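Chain by chain, the residues run as shown.
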Amino acid sequence: MEILIDADACPVKAEIYKVAARHGVAVKVVSNSPFRIPDSPLVSRVLVDDSFDAADDWIAENSNAQTIVITADILLTERCLGAGSQVLGHNGKPFTADMIGSAIATRAIMADLRSGMAAADGIGGPPPFSKADRSNFLQSLDQILHRLKRAG
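Residues numbered from 1 in each chain as written. Predicted model: local features only at pLDDT ≥ 70, side-chain atom pairs only at ≥ 80, totals over all residues. Heavy atoms only, no water.

Now for the side chain of threonine 67. Structurally, threonine 67 is set in strand β4 (residues 67–70). In terms of polar contacts, threonine 67 uses its side chain to reach the backbone carbonyl oxygen of asparagine 64, at 2.8 Å. Look past the residues within four positions of threonine 67 in its chain and what remains in contact with it is Glu2, Leu4, Asn62, Ser85 and Gln86. (Helix = DSSP H or I, 4+ residues; strand = E, 2+ residues; numbered from the N terminus. Polar contact = N/O pair within 3.5 Å; in protein donor to acceptor, adjacent residues only side chain to side chain. Contact = heavy atoms within 4.5 Å.)

What follows is the structure, encoded as structure tokens:
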């Protein structure tokens, strides 16, 4: 079992390291630029080139039923769910095969709205990351790890 982090825009890396250490689970921090990682045998860095979607491609190719993928990227989520991975958003919301279709559709609609309207019209990105999001993330990651340990 391991955790793969889509690290370029991940606000919960420190929380992942803490929970992974408590459970003794390996973590791979995947990005196209180096990030400081803890000095731990459980945490390793995977640097990919800076080509479009290189980190996503690496994560998707290395995901399976024993991986937990941490990402906010809906298209990467779809690929990882297809490989049998557990996928968790930064806000603690687990992604499932049942909801990914509607999430992709919503993503497309929002992209169309943003491209057709000025930023001043109030159509922006996701809401700011909150303490509640951080707390939800910690609880969700812990629950997924416990569930996978029981199943494995």
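There is more to say after this.
Moving on: the pairing of strand β2 (residues 26–31). Consecutive side chains of a regular strand alternate in pointing toward one face of the sheet and then the other. In this structure, strand β1 (residues 2–6) lies alongside β2, joined through 5 bridges in parallel fashion. Counterpart to isoleucine 5 in the pairing with β2 is valine 29. Once the chain exits β1 it traverses helix α1 (residues 13–23) before rejoining the sheet at β2, and the crossover so formed is right-handed. As defined by bridge partners, β2 adjoins strand β3 (residues 43–47) across 5 bridges and the pair is classed as parallel. Residue pairing for β3: lysine 28 is matched across the bridge by serine 44. (Pairing = 2+ DSSP bridges. Right-handed = clockwise from strand over helix to strand, strands pointing away.)

Turning our attention to the layout of surface pockets. A water-sized probe rolled over the atoms picks out the places where empty space is left. Approximately 210 Å³ is the volume found for the second largest pocket. Lining of the second largest pocket is provided by 15 residues; of these, Asp6, Asp8, Ala9, Asp56 and Asp73 occupy positions nearest its centre. Broken down by element, the lining of the second largest pocket gets its largest block of residues, 3 residues, from helix α2 (residues 54–61). Of the residues in the lining of the second largest pocket, the class split is 5 nonpolar, 4 polar and 6 charged. (1 Å grid on protein atoms, 1.4 Å probe; cavity = no way out; pocket = protein on both sides within 12 Å on 5 of 7 lines; lining within 4 Å. Points joined across faces, edges and corners; volume = space filled by probe spheres on them. Nonpolar A, V, L, I, M, F, W, Y, C, P; charged D, E, K, R; others polar.)

Considering the arrangement of structural elements, one finds aspartate 6 in strand β1. Despite its burial, aspartate 6 pairs with no opposite charge, the nearest such side chain being lysine 13 at 9.4 Å. Within the local environment of aspartate 6, its side chain forms a polar contact with the side chain of threonine 71, the two groups lying 2.8 Å apart. Other than its neighbours up to four places away in sequence, aspartate 6 contacts Val30, Ala55, Asp56, Ile59, Ile70, Thr71, Asp73 and Leu76. (Buried < 20%, exposed > 50% of the residue type's maximum accessible area, 1.4 Å probe, protein only. Lys, Arg positive; Asp, Glu negative; His and termini not counted. Salt bridge = Lys/Arg side-chain N within 4 Å of Asp/Glu carboxyl O.)

So, about the sheet that holds strand β5 (residues 86–88). Taken in spatial order, the 6 strands of this open sheet run β3-β2-β1-β4-β5-β6, and their pairing is mixed. Two strands in the sheet have a free side with no partner beyond their single neighbour: β3 and β6 (94–95). Pairing geometry for β5 and β6, over 2 bridges, is antiparallel. From the neighbouring strand, valine 87 faces β6, where its bridge partner is phenylalanine 95. Here α1 sits on the sheet and contacts β1, β2, β3 and β4; the angle it forms with β1, its principal contact strand, is near 175°. Running at roughly 170° to β5, helix α5 (residues 131–151) makes contact with β1, β4 and β5 of the sheet. (Axes fitted to C-alpha atoms, helices over the stretch in contact; angles between N-to-C directions.)

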